[in-house]
Amino acid sequence: MTSVKMITSMRSVARTALPGASSSLLFNLRRVHVPRPQAQVVRAFSALLSPPSKAIVYDQHGCPDSVTRVVEIPPVEVKANDVCVKMLAAPINPSDINRIEGVYPVRPPVPAVGGYEGVGEVHSVGSAVKGLEPGDWVIPSPPSFGTWQTYIVQDQNVWHKINKESPMEYAATITVNPLTALRMLEDFTTLSSGDSIVQNGATSIVGQCIIQIAKFHGIHSINILRDRPGSDEAKEMLKKLGADEVFTESQLEVKNVKGLLTSIPEPALGFNCVGGNSASLVLKFLRQGGTMVTYGGMSKKPVTVSTSSFIFKDLSLRGFWLQKWMTSDKAKECRNMIDYLLSLAREGNLKYEMELVPFDNFHTALDKALGKLGSQPKQVLKF
């Protein structure tokens, strides 16, 4: 196939793949294209262009390790209101994997670039851009699809400038998990210093953030772990983060779980990311009129509630999904909270284990994120 025919064919595929796609798709897949025919290239030489880029792309939904591939992206035009950002780091979150698999409720149409959050450094700006300049650190806020690429060109309104003294790996991961923890602590009931919460899945990143944010505000935490090898070490790790009580599920196989508490008051708020029996244990701890918030279902088992819990304890069951919350005109509030969370990270009051992995080693990081190599820290791609 001649080069002109190849270009025409690939552009046709791109047009076919994207009807009805939102303008934010892939940080605009309109920017992920092959060079235009020669007659149109002359005009581009007078325009501001991004550097060539590399991206992790998937053309169809399926198992991430079989459908993802690295592609080369040629330079694209940086228009008047655009900012070209050199990505510094971006994590592999479970929701990223679910989007590639095609099972997440909201996902970009394929072909798509992977990734949903991250941090980058401004490389160049369009002529009409205000408040951002080369060298600034920025994150997409609210997050946007397509952060697994080395350079991104997008409208200035997408980017939120952050403090460059923030640890890079925390800047890259601050939005999805820490913000979920903060919102759940504040949105469902009013907690005061001395109150308590209870949660399962406590070793997750969200769980660790809940412990630390709660402690920072004087709120006690009761934490539930599944029984597994290394649970004693996990207990010690959570205690160092500020957990007041940590129990394995087997330790809670008693008639009165509240009898295990000493000076901690019965919690008014509980968090469930597991489901099944683990969710039932959270409910057992809640006080009269308490609320359990479900934000995940790692066991893939349903939440079962006894009739007496509703009638005699008047418990409430709620759900939380960060992406829905961020689509409800929360951009400014979201950015203020991100700044607050990053300040906690800079001061050492918010920490969680991560592994920075070179972008070229993406497939090794993906294997770790998929659990193929046992329990691993959160994988963060470094560009």
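As the structure is a computational prediction, the values presented were derived from the model and not from experiment. (Residues numbered from 1 in each chain as written. Predicted model: local features only at pLDDT ≥ 70, side-chain atom pairs only at ≥ 80, totals over all residues. Heavy atoms only, no water.)

### Observations regarding the overall build of the protein
This is how the line gets drawn: A run of DSSP states H or I qualifies as a helix once it reaches four residues; a run of E qualifies as a strand once it reaches two. Both are numbered from the N-terminal end. Note on classification: 1.4 Å probe, protein chains only; a residue is buried when its accessible area is under 20% of the maximum for its type, exposed when over 50%, partly exposed between these limits. When checking whether two residues touch, look at their non-hydrogen atoms; a contact exists if any pair is within 4.5 Å. Residue exposure ignores everything except the shown protein chains as possible cover, and the areas themselves are Shrake-Rupley values with a 1.4 Å probe.
Check the secondary structure of the protein and you find 13 helices and 16 strands. Classification of the 383 residues of the protein by burial places 51% in the buried group. In the protein, 74% of the contacts between residues at least 6 apart in sequence involve partners at least 24 apart. Approximately 17800 Å² of the protein is accessible, and the part contributed by carbon and sulfur atoms is 52%.

### Section: the confidence of the model for the protein
Caution applies to low-pLDDT regions: their predicted coordinates should not be interpreted in detail. Note the following rule: Note on scores: pLDDT gives the predictor's confidence for each residue, bounded by 0 and 100.
Summarising the model, the protein shows a mean pLDDT of 89, and 88% of its residues fall at 70 or more. Of the regions scoring below 50 in pLDDT, residues 1-45 engages in 57 contacts with residues more than four places distant in sequence or in other chains.

### Considering the sheet that holds strand β13 (residues 291-294)
Basically, it comes down to this: A strand pair is defined by DSSP finding two or more bridges across the two strands. Note on definitions: angles span 0 to 180 degrees between N-to-C directions of axes, and those axes are lines fitted to C-alpha atoms, for helices only across the stretch in contact.
Reading across the sheet, the six strands line up as β11-β10-β9-β12-β13-β14 and stay open at both edges, with parallel pairing between neighbours. Looking along the sheet, the strands with just one partner apiece sit at the ends: β11 (245-248) and β14 (316-319). Each neighbouring strand pair of the sheet contributes to a mean axis angle of 20 degrees, computed without reference to strand direction. Sheet topology note: the strand β9 (residues 196-200)/strand β12 (residues 269-272) ladder contains three bridges and is parallel. Counterpart to Q199 in the pairing with β12 is F271.

### With respect to the packing of helix α7 (residues 205-216) against helix α8 (residues 231-241)
Put simply, the test is: Residue polarity follows a fixed list, in which Ala, Val, Leu, Ile, Met, Phe, Trp, Tyr, Cys and Pro are nonpolar, Asp, Glu, Lys and Arg are charged, and the others, Gly among them, are polar.
Interaxial distance between α7 and α8 falls to 9 Å at its minimum, and their mutual angle equals 30 degrees. The segment α7 lies against α8, with Q208, I211, Q212 and K215 engaging M237, L238 and L241. Classifying every residue of the contact of α7 with α8 gives four nonpolar, two polar and one charged.

### Here we look at helix α13 (residues 362-369)
The periodicity of an α-helix, 3.6 residues per turn, causes residues three or four places apart in sequence to face the same way. Rules: This arc is taken over the directions from the axis of the helix to the C-beta atoms.
Among all positions in α13, only F362, A365, L366 and K368 are buried. The arc enclosing the buried residues of α13, seen along the axis, measures out at 160 degrees, which places them on a common side. For α13, the elements touching its buried residues are β1 (53-58), α3 (64-67), β2 (68-73), β15 (354-358) and β16 (378-382). Where α13 terminates, the next one or two residues include G371, which has phi positive at roughly 85 degrees.

### Digging into the sheet that holds β2
The strand order across the open sheet built from three strands is β2-β1-β4, with neighbouring strands paired in antiparallel fashion. In this open sheet, the two edge strands, each paired with only one partner strand, are β2 and β4 (112-113). Looking at chain direction, β1 and β4 are connected through two bridges and run antiparallel. Residue V57 lies in a different strand from β4, and its bridge partner there is V113.

### Some details on α7
Selection rule: A helix's residues, less one, multiplied by 1.5 Å, set its expected span.
Helix length check: α7, at 12 residues, gives a terminal C-alpha distance of 17 Å against a target of 16 Å (1.5 Å per residue), a fit within 8%. Along α7, 10 of the 12 residues are buried, which leaves the element largely enclosed by surrounding structure. Along α7, the positions that sit buried rather than exposed are I205, V206, G207, Q208, C209, I210, I211, Q212, I213 and A214. G218 lies just past α7 and shows a positive phi near 75 degrees.

### Remarks on unusual backbone geometry
Between V110 and P111 the backbone carries a cis peptide bond, its omega angle lying at 0 degrees. Within the secondary structure, P111 is located in the loop between α4 (94-101) and β4. If you check the backbone angles, D314 has positive phi at about 55 degrees while not being a glycine.

### Brief notes about the packing of aromatic side chains
Applicable threshold: Centres within 6.5 Å are what make two rings of Phe, Tyr or Trp a pair, Trp counting through its six-membered ring; a difference in plane orientation under 30 degrees is then read as stacked, over 60 as edge-to-face, and the rest as tilted.
Taken as a whole, this structure holds seven aromatic pairs when the rule is applied. Note on Y116 and F145: the rings are 5.5 Å apart at their centroids and 40 degrees apart in plane angle, and the pair reads as tilted. Separated by 29 residues along the polypeptide, Y116 in the loop between β4 and β5 (119-125) and F145 in the loop between β6 (137-140) and β7 (151-155) bring together distant segments of the chain. Summarising the aromatic geometry, the rings of F359 and F383 are spaced 4.8 Å apart at their centres and angled 35 degrees between planes, so their arrangement reads as tilted. Here F359 is found in the loop between β15 and α13, whereas its partner F383 is found in the segment after β16, with 24 residues between them in sequence. There is no split in this pair, since F359 and F383 are both buried.

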